[in-house]
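One-letter residues, chain by chain:
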Amino acid sequence: MTGNVRAWLDARPWVWSFGAALIVWLVTALAVQGRGMLETLAVALQFATFYAIVGIGQMLTIAAGPGNIDLSIPGVMTFAGYVAIGMMNGGNAGLAAGIAAGVVIGLAAGAFNVGLIQGLRIPPMIGTLAAGFVFQSMAIAYSRTSHAAPAPLLVSFSVARVLGLPVIALIFIVLTVLVSVALSRSVFGRSVLAIGQNARAARLAGLAVRRTLGFVYLASAVLAAVAGILLSAYSGGAALDMGTDYLLMSIAVVVLGGTSIAGGQASPAGLWGAAILLDLVVTMLNVMRVGAGLRYVVTGLIIIGVLALAKGREQAT
Amino acid sequence: MTGETGAALVELRGIVKNFGAVQALAGVDLEIQSGRMVSVVGHNGAGKSTLMQILGGTLAADGGTIRVAGHGVGAGYGVRRAGALGIRSVFQELSLCPNLSAEENTRVIHSALAGPGWRRRARRLIGAALDAIFPGHGIDPRRPVGDLPIGQRQMVETARAFTETDRKVRLVILDEPTASLDATATGQLLGYTAEARGRGIAVVFISHRLPEILGHADEVIVMRDGQVVGSGAAGQLTEAQLVEMMGVMRAAEPAQMAGAREWRGEIRVAAAARPDARFAVTVRAGEVVGLAGLAGHGQRALLRAVFEAAGHRRGALQVNGTVASVSGDRRIEGIFPLWSVGRNTTIGCVRRLARFGWLSPAREAAVAEEWRVRLDIRAPDIGTPILSLSGGNQQKVLVARAFAADADIILFDDPLRGVDVATKRELYRHVRRAAEAGRAFLWYTTENAELENCDRVYVFYRGVVTDEIAHAELSEERVIGASFGAEPAIAG
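Definitions and cut-offs
- Residues numbered from 1 in each chain as written.
- Chains lettered and ligands numbered in written order.
- Predicted model: local features only at pLDDT ≥ 70, side-chain atom pairs only at ≥ 80, totals over all residues.
- Heavy atoms only, no water.
- Helix = DSSP H or I, 4+ residues; strand = E, 2+ residues; numbered from the N terminus.
- Buried < 20%, exposed > 50% of the residue type's maximum accessible area, 1.4 Å probe, protein only.
- Contact = heavy atoms within 4.5 Å.
- Areas by Shrake-Rupley, 256 points an atom, 1.4 Å probe, with all protein chains shown as cover.
- Rg over C-alpha atoms; globule rule 2.2 N^0.38 Å.
- Lys, Arg positive; Asp, Glu negative; His and termini not counted.
- Charge placed at Lys NZ, Arg CZ, Asp CG, Glu CD.
- Pairing = 2+ DSSP bridges.
- Axes fitted to C-alpha atoms, helices over the stretch in contact; angles between N-to-C directions.
- Core = buried A, V, L, I, M, F, W, Y, C linked by side-chain atoms within 4.5 Å.
- Buried area = accessible area lost by both parts, 1.4 Å probe.
- Salt bridge = Lys/Arg side-chain N within 4 Å of Asp/Glu carboxyl O.
- Polar contact = N/O pair within 3.5 Å; in protein donor to acceptor, adjacent residues only side chain to side chain.
- Nonpolar A, V, L, I, M, F, W, Y, C, P; charged D, E, K, R; others polar.

**Notes on the overall build of chain B**
Scanning chain B for helices and strands turns up 16 helices and 20 strands. Overall size of chain B, expressed as C-alpha extent along the three principal axes, is 65 × 50 × 50 Å. Counting every position in chain B, which comprises 492 residues, the buried fraction comes to 54%. In chain B, of all internal contacts separated by at least 6 residues, the share reaching a separation of at least 24 is 67%. Accessible area of chain B: about 20,100 Å², with a carbon and sulfur share of 53%.

**Examining the overall build of chain A**
For chain A, the helix and strand inventory stands at 14 helices and 2 strands. Here the C-alpha radius of gyration of chain A, 20 Å, is about what a compact globule of 317 residues would show, namely 20 Å. A principal-axis box enclosing the C-alpha atoms of chain A has dimensions of 65 × 60 × 35 Å. When each of the 317 residues of chain A is scored for burial, the buried share is 52%. Counting only carbon and sulfur atoms, one obtains 72% of the accessible surface of chain A, whose full area is about 13,700 Å². Of the charged side chains in chain A, 16 are positive and 7 negative; the average position of the first set lies 10 Å away from that of the second.

**Things to note about the sheet that holds strand β10 (residues 227-233) of chain B**
Residues and elements named next belong to chain B. A sheet is described by the order of its strands in space; here 6 strands give the open sequence β6-β7-β8-β3-β9-β10, paired in mixed fashion. The sheet terminates laterally at β6 (87-90) and β10, the two strands that pair on one side only. Taken pair by pair, the neighbouring strands of this sheet meet at an average axis angle of 15°, ignoring direction.

**So, the nonpolar core**
In this structure, Phe403 and Phe441 of chain B are the most contacted members of the largest nonpolar core, which totals 141 residues. Sorting elements by how many residues they give to this core places helix α11 (residues 209-234) of chain A first, with 14 residues. For Phe441 of chain B, the residues in contact, after removing those within four places along its chain, are Val283, Glu287, Val288, Val289, Phe403, Ile410, Phe412, Val431, Ala434 and Ala435 of chain B. Of all hydrophobic cores here, the second largest spans 41 residues; its members include Met155, Phe162, Val169 and Leu174 of chain B.

**Focus: the sheet that holds strand β20 (residues 464-470) of chain B**
Residue and element names in this part refer to chain B. If you walk across this open sheet you meet the 6 strands as β16-β17-β18-β13-β19-β20, and the pairing is mixed. Each having just a single partner strand, β16 (323-327) and β20 make up the two edges of the open sheet. Mean inter-strand twist for the sheet, computed between neighbouring axes without regard to direction, equals 20°. Where strand β17 (residues 409-413) and strand β18 (residues 440-444) come together, 5 bridges link them in parallel fashion. Within the sheet, the bridge partner assigned to Leu411 lies in β18 and is Leu442.

**Examining the interface of chain B and chain A**
Of the residues lining the interface, 25 residues belong to chain B; the matching set on chain A comes to 25 residues. For the pair chain B and chain A, the summed buried surface comes to about 2,200 Å²; carbon and sulfur atoms form 57% of the total. Among the residues of chain B in contact with chain A, Phe336, Arg351 and Trp358 of chain B are the three that bury the most area, contributing 25% of the side total. At the boundary of chain B and chain A, one finds 3 salt bridges. With its nearest N and O atoms 2.5 Å apart, the salt bridge here joins Arg203 of chain A to Glu308 of chain B. Linking chain B with chain A are 11 residue pairs in polar contact (both at pLDDT 80 or more), by the criterion used here. Those elements that place two or more of their residues in the side of chain B that touches chain A are α9 (299-308), α10 (330-333), α11 (341-346), α12 (350-353) and α13 (361-374) of chain B. With 3 residues, the single largest contributor to the side of chain B that touches chain A is α10 of chain B. Along the lines of polarity and charge, the residues of the side of chain B that touches chain A split into 13 nonpolar, 5 polar and 7 charged.

**Concerning helix α12 (residues 246-256) of chain A**
Among all positions in α12 of chain A, only Tyr246, Ser250, Ile251, Ala252, Val253, Val254 and Leu256 of chain A are buried. Count one or two residues on from α12 of chain A and you reach Gly258 of chain A, which has phi positive near 105°.

**Comments concerning unusual backbone geometry**
You will see that Arg289 of chain A, though not glycine, has its phi angle at about 55°, which is positive. Along the chain, Arg289 of chain A turns up in the loop between α13 (268-287) and α14 (292-316). Since its relative accessible area comes to 75%, Arg289 of chain A is described here as exposed. The phi torsion at Glu176 of chain B lies on the positive side, around 55°, for a residue other than glycine. Residue Glu176 of chain B is classed as buried on the basis of its relative accessible area of 5%.

Listed below in structure tokens is the structure:
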């Protein structure tokens with residue numbers, strides 16, 4: 001019986017983050033005697049979306065094996081956000097051009113990362129970190145000339161709800177499902193997971209290792225750009241520090257969500273559990289009036305707790 | 001057995017080990033005397049490696065007792081304890097740290113190599129061991145072990161097991177060390193074990209090559225299905241008896257179709273001869289071409305070049321057709337450890353199976369199942385995790401991957417290293433069948449007996465081909481002669 005439960009959990013590494021999110025949600029609800037429980041969840045889902053978008057990209061890079069990581073995400077988000085919103089300049093006329101410009105910046109940033117990693121053979125951790133500084137600096141330079149507001153249409157899109165649920169969350173949940181299917185059933189997905197397990201064997205099996213890795217970094221940068229545009233719209237404009245949280249959060253949602261940091265295995269669904277969990281923890285601590293210092297301690301302990309549970313499972317097998 | 005139990009260096013009684021529902025060892029007794037060499041033989045999956053891992057302390061037994069030098073070792077028995085008692089293991093899956101050099105790897109097991117100058121002392125220690133066991137090895141102990149070819153890695157690991165500081169060696173477990181060593185190094189190692197035994201060191205020697213065992217061991221233990229099914233003094237046993245005890249059908253010699261056909265297909269691989277060489281390399285469709293010679297003389301370099309050049313010309317090398325490759329170094333160059341047998345099989349042909357980049361699960365499963373059945377891979381179904389298979393069956397999965405890839409040229413990089421006799425024979429038949437269907441094989445092997453399966457053999461020495469031998473003219477003497485650079489007797 002316990003063997004069956006264990007096997008069931010093994011195949012579903014995302015369960016832990018959703019379980020923890022559920023507990024935190026219930027504790028929060030208790031603290032406020034159940035008032036606004038559903039609204040708390042909807043708001044958490046809204047913020048979780050931004051984490052999940054960048055998380056998808058980060059998950060792909062981490063799944064591609066040891067050494068692969070994208071630390072340029074905050075820089076790409078900020079720069080793409082600034083340029084996109086700048087082109088919109090408060091009007092709907094520039095909406096399409098703004099989004100296109102943001103996405104192109106994402107593509108260019110991804111290509112730059114790939115150039116550093118594959119062309120100059122710089123380790124991804126250093127290469128993408130350095131590239132991130134470059135993009136952040138470009139955002140700073142751009143911010144001197146632009147204090148634009150996002151297109152009103154984009155703003156209403158970013159806060160729109162259907163049946164009480166944020167529209168952008170629903171859209172990116174669909175994307176997550178697609179990525180999940182792609183990982184198990186597409187040539188690209190299989191290649192990523194194979195490279196993540198054993199890059200040398202992947203090459204000898206005839207997989208396009210360089211092309212796959214290049215595509216992974218492009219995808220991560222484009223997703224970061226999209227997250228930057230949407231976050232800027234949602235917050236009423238781009239800000240220079242808007243990406244700061246996302247450096248570590250993008251990694252935290254991947255790992256908490258059940259993706260192996262060693263590569264070769266990914267848990268897309270878990271991104272959402274982890275992103276909601278991280279947001280709900282903040283809400284819970286706010287509601288309980290926990291002081292700032294203690295807040296970090298509790299957040300840290302919750303992360304350690306979830307990982308310890310999930311790790312215990314790995315060692316038991 | 002050898003009587004006087006009191007004198008046994010190691011005494012295992014009733015060792016039991018289960019992996020889930022599978023019983024790997026069902027109550028095994030084993031005694032090892034100082035200064036003696038015990039050989040353990042059996043099929044892949046008979047339990048040899050499991051037993052050795054328990055003795056070496058890397059696995060805990062589920063039942064039974066272990067006594068070393070007359071003292072019982074309790075529940076805390078592990079690698080550290082085994083090391084302190086002078087038990088060293090040389091495993092089939094190499095256990096060196098690939099990012100460290102030979103000298104650093106030596107330091108790992110010797111805490112006495114500390115303080116200023118430890119590096120120099122470690123280098124001297126491992127260098128002396130290498131020189132003593134494998135004279136002329138040509139290994140730089142300062143190079144990262146991962147950069148060495150597998151044969152040299154095996155030499156370092158083997159030599160390390162015989163190094164002594166304040167920790168003395170009393171028993172060395174050699175788990176198929178000769179599978180990745182060429183004939184010369186194998187001979188050197190077996191010669192050295194005699195010398196080590198003279199110093200009172202006991203040796204456990206596992207090999208699939210029965211002549212090695214009968215020629216060098218003192219005692220032979222035969223295992224089957226997790227039990228000892230027979231034993232005796234090596235001098236009183238014959239190969240046929242061993243094979244019978246292991247439970248192998250004494251089948252007829254491998255299907256000798258090699259070289260029988262005159263028909264020759266289109267040229268798949270053409271490598272012009274270097275100015276200093278007399279022979280060019282040509283491989284035609286439907287041909288099985290063997291690459292022989294001592295390890296590290298250019299056979300792997302040729303395989304690598306053919307793989308890189310797949311489908312086009314690169315320099316003096318012309319490769320027509322697609323290429324798939326099977327390596328005997330399965331842990332580093334073969335398996336995807338998190339995946340099932342099925343996914344490990346189909347990863348070589350995902351692009352061919354996919355439509356617009358997407359795989360159909362039914363189609364993929366059909367291909368994987370087809371090859372599981374055709375190569376008789378011993379797994380309940382294609383969903384079985386690859387790591388739960390025995391080494392030989394994992395290797396079959398890699399062969400299945402190459403066959404399923406439907407490539408024109410299949411490169412074998414000593415793929416049947418450490419595979420049992422029965423499995424090898426099965427695979428030889430599959431190779432022959434695939435060749436008849438028009439595939440070309442380039443087959444590098446460290447076992448000269450395997451060359452029997454080739455239509456033609458090129459012998460390598462110092463990066464060039466020193467002889468080309470047709471199947472009918474193949475002889476061990478001629479291969480060995482050319483391996484050391486001798487001119488072939490018959491020109492061209």
